[in-house]
Each structure stands twice: as C-alpha cells, then as structure tokens.
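Breakdown of the fold
So the chains spell out like this:
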Amino acid sequence: MSAAGRTGAPVPLAIWVLLLLAPFWLGPVGGYTALGTRVLVLGLAAMSLNLLLGFTGVLSFGHAAWFGLGAYGAGLALKFVALSTPLALLLGTLTGGLAGALLGALIVHRRGIYFAMVTIAFGQVFYYIAYRWNSLTGGDDGLRGFARQDITLGPWHLDIAGNGTAFYYFVLTCFAVAVGLMALLLRSPFGRTLLAIRENERRARFLGIPVELHIWIAFALSCVFISFAGALYALLNNFADPNNLHYSLSGDLVIMAVLGGMRSFWGPLLGAAVFVVLQDYVSSLTTNWMSFVGLLFVLVVLFFPRGLLGILRRQGTA
Amino acid sequence: MITPDTAGRIGRRSILATAAAAAVAPLGSPFIIAARGETPLRIGMVDPLTGVYAAPARNEVMGAQLAVARINAAGGLLGRQVELLVEDSANDVGTGVQKARKLIERDHVDFMIGDVNSAVAQAIAQVTAENKVLHVVSGGHTDTITGKDCHWNVYRVCNTTRMEANAVSEVLFRKYGRKWHFITPDYAFGHTLQTAIEANLKRLGGIETGAELTPLGTSDFSPYLIKARAANPNVLILLVQGQDMVNCLKQIVQFGINRQIPVAGTQQELESLEGLPPDARIGTWMFEWYWNQPGVPHLPEFVADIRRVNGGKVPTARHWFGYTSVMTFALVAAQEKTTDAVKLAHALGGFELPPEVKLQPNRVTYRAGDHQLMLSAFIGSAQAHGGADPEDLFKMDQVVAGDSVAPPVADTGCTLTWPT
Amino acid sequence: MTQLLLFNVTNGLIIGAFYVLMALGLSLIINLSGVINFAHGGFLALGGYLAFTLSPFLGFWGALLVSPLLTAALGLVLERLLIRRLYGRDPLYSLLLTFGLAFIFEDATRFVWGAQGLPVTIPDFLGQPLSPDLFFITWYRLFMVGVVAVSVGGLFLLLRHTRLGIRIRAGTLDLETVSTLGVNVGRLRALNFGVGIFLAGLSGVLAGGQLGLDPTMGAGLLMPSFIAIIVGGVGSLPGTLVGGLLIGVASGVTAVFLPSASEAVMYVLMALVLLARPRGLLGEEGLMT
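Keep in mind it's a predicted model, so treat the numbers as computed, not measured.

On to the domain arrangement of chain B. All names here are of chain B. Domain parsing of chain B yields domain 1 (5-159 + 294-375) and domain 2 (162-287 + 377-405). The distance between the C-alpha centroids of domain 1 and domain 2 comes to 29 Å. If you look at the interface, domain 1 gives 19 residues, while domain 2 gives 17 residues. For the side of domain 1 that touches domain 2, the class distribution of residues is nine nonpolar, seven polar and three charged.

Here you go:
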C-alpha cells in the first residue's frame, strides 16, 4: 500500500494532468502561477522529507536546514562560480546533501524523541551560520545579487529568467525527474528494506539488515532531494535567506507530509498544496493567520493523523 | 486585505466604508474629483505584520490606510477610488516575494509599498522591477536600496544609514567630545552605519576607542558594556535597533554606566522608547520624523486622525512613512494624469512633497539620481516623561534638512537603468 | 583580561541558571510523557505578560507568584483537552500539536497585548548594581539566580521525598510498572505537566523583568533549553541542570573573544558531547534512546 504507483493509475494521472495544466486553470480559480511554483517546490521538499518520515519511520524535525543549505548553495554558485542554472542546482544539491550525509552519520544511532531533538538542534546550527556569517551569506539581509539564468540547449532557448510560466514548467520538469527517482528508489529492494525497518526495526535487525546503514543512506538521500528543492526555491525567489533554514519551516514541512498522508507517495504534495494555498489565502484575510495555521496543526493531529489521502484510501477500501 | 488589530477588523472590500468612517478632513487640490464606479486603483503593500518587526509594520499600514481614506474622501484618484491591499510578509523573504507576485499577477496592483525589513524590500524590488511596477520602499534602511542595487522603479521614503550618520556626527562631536565607542549590531546595516560614522569622526579629528559588534537579537549586553566602559570613551554610540536597543539601554541604566559615560546614537524610534522603563529613556538621537513639531501646518490634523484609529496613541515615524508612501503615488499620478510606471518614475525624480504630506519644515524632495527621499533629520534627546503629553518622549533640538546630509549621488553607487 | 573572563564566567552562570529553569520544565514533560513541548516558549511569554497585567494590582511579588500559577492552570486545561490524547502515540503528533499551539500562543499574545514590546517594572532596589566595582551584577540578576536555586532545590526535594515526586521519577524509568502498581498515570502526567508549565511561567516573569516583553520572546529562549537537555542527557534532570549552566558559561566566555559565535558555541558543545558521550553528559543507557 505504501510505495509509488500502488495508489492505482488514476490518482497519479490526475495529478500530472493538473500539474501540467496549472498555469491555465490557476488564474481563473483565483490563483497565480508563482503560487503553483511554490507548491511544487515545497511539495517536493515535503516528499523528500517523507522518504524518511513516512517510508523509514524516522522523525527528523530539522529538515529545513538541508533545504536552506540547498538554497544558499545554489545562490552562492550563481553569485561566485558561474552564471548557470544547472550548475547552481547541482552545487546546491551537493551542499545540502553532503552536509546532511555527514551529520546523519553522527546521529543515526538515535531514535524517536532524541532523534527529533538532535535534528532540530543541529538544524539550527546551520540557521545560525547563515544568520551570522555576514561576509558570505549576507546575514540577516539574506543572500542576494544573483538571479536564475536562461537555459540554452543548442538552438533551444528557455526564458526562465523573465517568464514565470516558463519557469513553472522548468520546475515541473525538475520535480518530475526528482519524483521519478524517488519512486524508483522506493520500489527497489533498498526501498522495501526501509519499509521493513519502519514496520519493525527489531525484526529487521534480527534478519541481519544493517539498520543504521540503511537509515543513514535514507537520511542522506532525503537530504539530497530536499536540497534540490531548496536550490529550486532559491531560483524561485532569486534570493536565499536564513528563514529557509529555520526550524519553523521544518515544522511546516512535517505538517504538509502529515496533512496529505505520510504513508502515501503523493500525500506530501497534496499536503503542501493545501497548506500553501490555505496560508496564502488566510494570511491575506487576517493578521491573525498564525492562529489559523496553528489550529490547522491541532486539527490535523487530532482528527486527520493519517492525512487526507489516508482518509480517501480508507473510504476506498471500506 | 488585512488591517492591524488596533484599527479593527476590516474586510477586503470594505475600504470605502473605512474611508467614510475615518471622518477625515477633505484634502484640497492635488486630487481630481470625478466619476466613481470605475474599477478602483490598487496599491499593494507588503509588510511584516507578524514577527519581530510587527509593531513598526502595523504602524506603517495604519499610516497608509489613513492616506487612502483621505484620498477617497476627497473623491479618489484619477476619477477612481483607491484600494489598499495589504499582505503580510511575515518577515520572510520567500513569503514577501510570493505576496508581491500575488499582488502583481493576481490583483494587478498599480503601485507597490514595502517592506520594513531591508532584505524583503530588496527582494520585492527585484519583482517590481521585473514587472514594471512603481514601488516605494517605506521602511528598509539598508543603503544599497538606493545605492548599488537601485532600480528605476524603486523610490525610498526612509533614510539611508549614511544620511543618519551624517545628520548626527557633528552634533555629537560638539556635545560630547572626541573619544567614541560603538555598540554595533553585527550585520550589514550596523556595519555600513558604523563605517559612515567612523569616516565622519576621523574627518572631525576624533578617535574611536573601540567597537563592540553585537549579534542581532542579543539579549545580554553585559559582556560588551564591560569592555566599552573599560575603554573609557567620552560617549557610547548605540547603533542597535528595535528590541536590541531596548535591551541595551535598559542594561546601561541598570549598570549605572550612563552616570559615567553619556549615551547617544543615530536612529531612535518612538516604538523603542515606549518599550523602555522611564529611567532608561536617555541619550541623544535622531528621529526620522516626529509628531510634536510646533508650528508645522497640517500636522495637528494628521496627529488627530492617527490618534482616532490608533487607540489614542500618537503617530510614529512609521505612520508617516506609510502615509507618505501612498501619498507619493497619489500626488504624482494626479500630476501626470496616468498610472504608467515609467512616466511616473521619471516624474518622481526631483518631485517635491507638498506641506499636507511632508509635515515638517524643510523642503522634502525625491532625489532624481538615486530615488532617495531627502527627508529631514530630527535631532534631540529622549526624555523620561512627556510634558503635556505622556507620549512626548523626545525633546527636539534641531531639524536638519535631508539634502544637506545625504552623500552626493555619485557616492551612493547607484546607476539607474531605465527600460527601453 | 582575567577580570573580564572572570566576569563572563559569572555572567554565564547567571544566564545558564535561567536556561536551567526553562529547560527543567521542558525536561520534566519529556521524561515522563515523551512530549517535546514546543509551546513551552509560548507559556513562558504568557507568564511574563500575565505578570505585566497583574503587577499593577498585585505588585511585582504577587505577580511573580500568581502569574506562573495561572499559566500552569492554563497548561493543565490544555493538557486535559489536547495533549492527553497523544500520550503513547508517535512523538511526531505531540510535536506537531505543540508546534501549532506555539503559533496560536504567539498570535494570541500579540492580539491581546499588542505587537509592541512592553516593559515590566521591577522593584527599584532590584535594578541597582551590587557595588560600583561589580556594576555588571545587578540585584535582579542575583535575585534570578536565587529564584532558580530555590525552584531547582524545591523541585529536587519534591522528586526525592514526596509521593508525587517518587512516582514521577519511577514513571520516567518505567511507566508501565508504575501503572500496574495502581498509580493513576493520567493524573501523574497532568500534575507533572502542570509543574513543568509553572516553571515556564516563572521563567517568563523573570525574563520579562530582565529583558522586557515581546510576543516572539518565547521562541528565542526555546532553543538553548533544548540544547541544555541534549547536552545534559535526555531523561536526566541533573543532566539538564549541568547542561544549562555549561552552555551559559560557554556562550558567556565566547562572547569575549568572538561575539558572533556566542550562540554557535552552544551547538558546537552539543556536537562534541554527542560525539564523546552519545547519550549526553549524564544520560543513562536504556533511557530515552
């Protein structure tokens, strides 16, 4: 029930159609293209987190750190290395991915609450580095002075710098590649083993599975994917700022995964869509939007712990 | 749209009702009274209504709302009612950019205002420039906004750090002597401000006994204050802002350092003084705008109108920033009879604010070269208790004209590139 | 230089004492109920703001006592209505719930008391320095340390010698057994939660007197408490005490040499401790891994 594709063909198909046509239907329903791009980026981030949260059963509450590192990596690459969007994505992904892999090795023996606390605290390390290291990161002012670059492939020119719709499709392509890789990963024997660890860690250990190694690899991969999302986020805003690494964003990403359904592959994307749209909408209506977002957290935990897709599935099988 | 709590809850489409309720004095000539019923003219405003800058941001919004109410009460702008759409940037660049795009792409705003946070302001400026929307930065002070990173479509109401430095340096030198010690917030704003003051100090023949770089958000200033006191300067120059300013001043007074070394600095805000216990309201500062200026025309009406929507409290500089930002669009659009961003951006170069808006004695103009408003600096000292009014916490000594303290355009690093 | 260093060690201990107070409350709740209370900072701010509202009527001393009690009362209500439902479930859910509560707290505080910072008036004599030489130690700082010492002492006495305390400690080690012995675990957890929130409220009043009040104040003080707990070892209250003092001193000393790293040093310390002693300084094998 858990891995990609098992949800049956109609749901993924519907999702892809909706995503492909988003720039056309978003406007008429009161949205705007940049909102769609944001949903894609944060959805990808939540799905990356969910590799760990939903498919390995490990609670990381500091994943914004790797997201933010991806953003800074991409920004610094564009600013100091070369004016190339693909290179920025690559370097951003590597920055967060490597840092995540290193830290993962340090904390992979911890579980449960302890793991959550350590990930929150270490996540904040990178937040403070970004916040304090003025000369490199711009500190509180954020990293600016870079912009995403158009992509030219032979005779083919993609105007993603100036055209919001073109950029949306660029992000959608990146999203599709990343999500495809995730799906392959989860269907592989490695992905199956992660599920086994989630369901019963002790049994997996008795079966001779090197649990720590698996969790570490899952952690590192999850960091790689979320850094990629972070790099895309930097390109979306042409800016990276310390809030990209703050634990409050980690909390947002976790709630997206839970809200959509963390046991399903597409759940986090749905959760991200609902969360982003709701926050965007409510924060335009009232300055007290934080209470509504807080209330959403409380309601989800109390009434929808399996998430929206969890409910749908249960109704489907009932 | 959203409104600060203090102004009550107001629905998105009810701004017109607000205008009537505000019972404002009709404004005269600049606004053309004409037919209603057309689509309203929309001004987008992005400000951090939640987070650490919530207080100044909400005050800016209140000022902007007053401006809109006055314009509509006087018949609107270019024959259309004006609508202010306020969005919360939550002190986050990603959110701020998102909200700016929303206002431009979905709500099709004609003008944009924001943000208190310089980082968000710069990021929004990229978006407005990309989309050719005229933009006034209401409250972000980082020099680069009208310096190295200036844009053809971006004007700024509040001061640059160098203007602040130049406004107070000589006064402080004459008043306190030549040995200065700095308490500087450790980020770009603090660094540029300190550099600017250091240059002035050197020129005046003073010396610097040291500078304490304090991390943004410092709550315990004692390690820095110990070092500063040991250096035995003539004056302690505080460049920290907001909550850091409040904490630093409180601790200076608690430690009794102010009894040995006087305290002074550049920008001080009424929001900060009101957050301090009375005995910690000390020092020589500059205000970017002050509500109690005897003999300035139209000021009493402004103060009275703000008091009405602000729970009886007086306007701060932030109210005036918000008010002036909206009025800037209104005045220039009425003068040029268009909402075309490029034409209006050109027309704003050298544009002078009329007495109804500037609410201060000197000439106040937008400089054409870098799009910086040449507003006056109000220099004086903080006082523990107001005299006639409990909120009169600042004793103004002199008002310095903005164009006399702003560095020449050539030194700002701004090169404007206009769309072709 | 020696004097400067000596001062900063003293100062670090004072700040550390404050972290201890907040971290102990957090730690109590984690140990017995497995709930990481993200709303702890919200309760802290509430305690401070209540003191602001109450002190015109009760004076500073009255507010110092009453507002933590009121905060704890609200804590008990929220525990009963919301948090209780999550005991025994994946810690993810309590984490998310309290995370959401933290949002609501900040927003509600801003709604009720306004976005602008507020000063808390403390008695005049507390605002004075000890002596001209020791100008950096005000009576208020000393008073804070005193309050922390009394609270910590009281808490440890409570845990060691009262029936409630003994049950809490036993429950931390093995809740199931405690339950089969006929102890009402639900009530135990509620009381324990109340004590934790009382400490948060008390920290809030003390912090308000020192720093003033701000709707975002709680969030900023939450992270050092987390680190104090991790450094000391999750599951160990004495560990939290040591951890809090240690990071206070570490960040105080760093402020002399490299101010911009005064927060980062806490995290470095945490990383070192985790490398050398994966369960924290006083954490024990088998407890809260």
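Further remarks concern unusual backbone geometry. Residues and elements named next belong to chain B. A cis amide bond, omega 20°, links Gly114 with the succeeding residue Asp115. Following the sequence through the fold, Asp115 ends up in the loop between strand S3 (111-113) and helix H4 (118-130). Phi is positive for Asn232, close to 50°, though the residue is something other than glycine. Residue placement: Asn232 occurs in the loop between helix H7 (222-230) and strand S8 (235-238). By C-beta crowding, Asn232 is classed as exposed, having 11 other C-beta atoms within 10 Å. Look at His371: it is not a glycine, yet its phi comes out positive at around 65°. Note on placement: His371 falls in the loop between helix H13 (355-358) and strand S11 (377-382).

The subject of this paragraph is the sheet that holds strand S9 (residues 263-267) of chain B. Residue and element names in this part refer to chain B. With mixed pairing, the seven strands of this open sheet are ordered in space as S7-S6-S8-S9-S10-S11-S12. Each having just a single partner strand, strand S7 (207-214) and strand S12 (394-400) make up the two edges of the open sheet. The sheet shows a mean angle of 25° between the axes of neighbouring strands, taken without regard to direction. Pairing analysis gives four bridges linking strand S10 (residues 284-287) to S11, with the strands arranged antiparallel. Bridge pairing links Phe287 to Phe378 in S11. In the packing of H7 onto the sheet, contacts are made with strand S6 (179-185), S7 and S8, and the angle to S7 comes to roughly 175°.

Before going further, it helps to examine the sheet that holds strand S4 (residues 134-137) of chain B. Residue and element names in this part refer to chain B. One open sheet accounts for five strands, arranged S2-S1-S3-S4-S5; its pairing is parallel. Only two strands of the sheet have a single partner each, and these edge strands are strand S2 (82-88) and strand S5 (154-156). Geometrically, the sheet is characterised by an average inter-axis angle of 20° between neighbouring strands, direction not taken into account. In this structure, strand S1 (residues 41-47) lies alongside S2, joined through seven bridges in parallel fashion. Paired with Ile43 across the strands is Leu84, a residue of S2. Relative to S2, helix H2 (residues 54-73) is tilted by about 170°, and along the sheet it contacts S1, S2 and S3.

What counts, and at which threshold
- Residues numbered from 1 in each chain as written.
- Chains lettered and ligands numbered in written order.
- Predicted model: local features only at pLDDT ≥ 70, side-chain atom pairs only at ≥ 80, totals over all residues.
- Domains from an automatic or database assignment.
- Contact = placed C-beta atoms within 7 Å.
- Nonpolar A, V, L, I, M, F, W, Y, C, P; charged D, E, K, R; others polar.
- Helix = DSSP H or I, 4+ residues; strand = E, 2+ residues; numbered from the N terminus.
- Buried ≥ 20, exposed ≤ 12 C-beta atoms within 10 Å, placed from the backbone.
- Pairing = 2+ DSSP bridges.
- Axes fitted to C-alpha atoms, helices over the stretch in contact; angles between N-to-C directions.

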